[in-house]
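Overview (structure and organization)
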Amino acid sequence: VVALRATPLGTTIESVSASDGWQGCSVDRWVTPVEGWEAMELSALVDTDTDSRPDLVGASQVGSAVTISVATRRTKFEEVRTYATELPFAAASMGGADHNGDRVGDLWFVGASGEVAVALGPDYLTVVPLAAFPEPGVSVALGDMGLDGDMDAVVDTGTNLVVYEFNGGVWSAVESIPSAVG
């Protein structure tokens, strides 16, 4: 679980992880000197510089114009870069995963109707449209869950978590799990 919140010192990033239920829970906190991260419409932790450490990525969209801010983590999130790109749809969620095999985290944008486009890092200027998800979702998580070299996605539709495989330019649902409520 990752959260962003405003503090007098700047934006605080909180990461909570558990390896053995809540008894094995750990909390990490970083403060980035950049103000306004908590107001970003979309945010994700993505390795944008191939150092195997998560960097903070925030994105805001006005029309088709998207402003992307990346805070690179060395000891804390101190180096900030800003990029501009265009999307052919309004983004509802964003995730990060390498799309083109260069080990740089690319930004995957998903629209409310299931549209998918990938902004290729490290400058995010090239946007590659992909096939839409068959069922739109409110959030997406990405990774190679099948360890077959193809991108997989877990899409939260609001009622189900749908696991998709991306093969041959098409998303195929492999599993649908009812979402936990409450």
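Located above this text is the structure these notes cover.
Since the model is a prediction, treat every value here as computed from it, not as a measurement. (Residues numbered from 1 in each chain as written. Predicted model: local features only at pLDDT ≥ 70, side-chain atom pairs only at ≥ 80, totals over all residues. Heavy atoms only, no water.)

In terms of helices and strands, the protein chain carries zero helices and 15 strands. When contacts within the protein chain are restricted to residue pairs at least 6 apart in sequence, those whose partners lie at least 24 apart make up 26%. Here the protein chain has roughly 9300 Å² of accessible surface; of this, 55% comes from carbon and sulfur atoms. (Helix = DSSP H or I, 4+ residues; strand = E, 2+ residues; numbered from the N terminus. Contact = heavy atoms within 4.5 Å. Areas by Shrake-Rupley, 256 points an atom, 1.4 Å probe, with all protein chains shown as cover.)

With that settled, consider the packing of aromatic side chains. Considering all chains together, one arrives at five aromatic pairs under this definition. Look at W108 and W171: their rings are 6.3 Å apart centre to centre, the planes differ by 65 degrees, and that puts the pair in the edge-to-face class. Linking W108 in strand β9 (residues 106-111) with W171 in strand β15 (residues 170-178), this pair joins segments that are 63 residues apart in sequence. Comparing W108 with W171, the two get one shared label, buried. Judged by centre distance (4.6 Å) and plane angle (45 degrees), the rings of F133 and W171 are tilted. Taken as a pair, F133 in the loop between β11 (127-130) and β12 (139-143) and W171 in strand β15 lie far apart in primary sequence, 38 residues in all. Neither F133 nor W171 differs from the other in exposure class; each is buried. (Phe/Tyr/Trp six-rings, centres within 6.5 Å; stacked < 30°, edge-to-face > 60°. Buried < 20%, exposed > 50% of the residue type's maximum accessible area, 1.4 Å probe, protein only.)

Side chains that differ in charge, positive against negative, can pair when their charged atoms come close. Within the structure shown, the criterion is met by two salt bridges. The partner of R53 in a salt bridge is D51, and the shortest N-O contact between them spans 3.2 Å. For R53, a relative accessible area of 31% gives the class partly exposed. A relative accessible area of 22% places D51 in the partly exposed class. The partner of R81 in a salt bridge is E79, with the nearest N and O atoms 3.4 Å apart. (Salt bridge = Lys/Arg side-chain N within 4 Å of Asp/Glu carboxyl O.)

Time to look at the pairing of strand β13 (residues 152-156). Within a regular strand, the side chains alternate between the two sheet faces. Note that β12 and β13 share five bridges and pair antiparallel. Paired with L142 across the bridge in β13 is A153. Between β13 and the antiparallel strand that follows it, strand β14 (residues 160-167), lie three residues; G158 among them carries a positive phi value of about 100 degrees. (Pairing = 2+ DSSP bridges.)

Further remarks concern the sheet that holds strand β10 (residues 116-119). In space, the four strands of this open sheet follow the order β8-β9-β10-β11, with antiparallel pairing throughout. The open sheet is flanked by β8 (91-97) and β11, the only strands paired with a single partner. Between one strand axis and the next, the sheet turns by 25 degrees as a mean value, whatever way the strands run. As judged from the four bridges shared by β9 and β10, these two strands associate in the antiparallel manner. Of the residues in β10, the one forming a bridge with L107 is A119. (Axes fitted to C-alpha atoms, helices over the stretch in contact; angles between N-to-C directions.)

With omega at 10 degrees, the peptide bond leading from G121 into P122 counts as cis. Relative to the elements of secondary structure, P122 occurs in the loop between β10 and β11. With a phi close to 70 degrees, R103 is a non-glycine residue in the positive phi region. Along the polypeptide, R103 turns up in the loop between β8 and β9. The exposed category is assigned to R103, whose relative accessible area is 57%.

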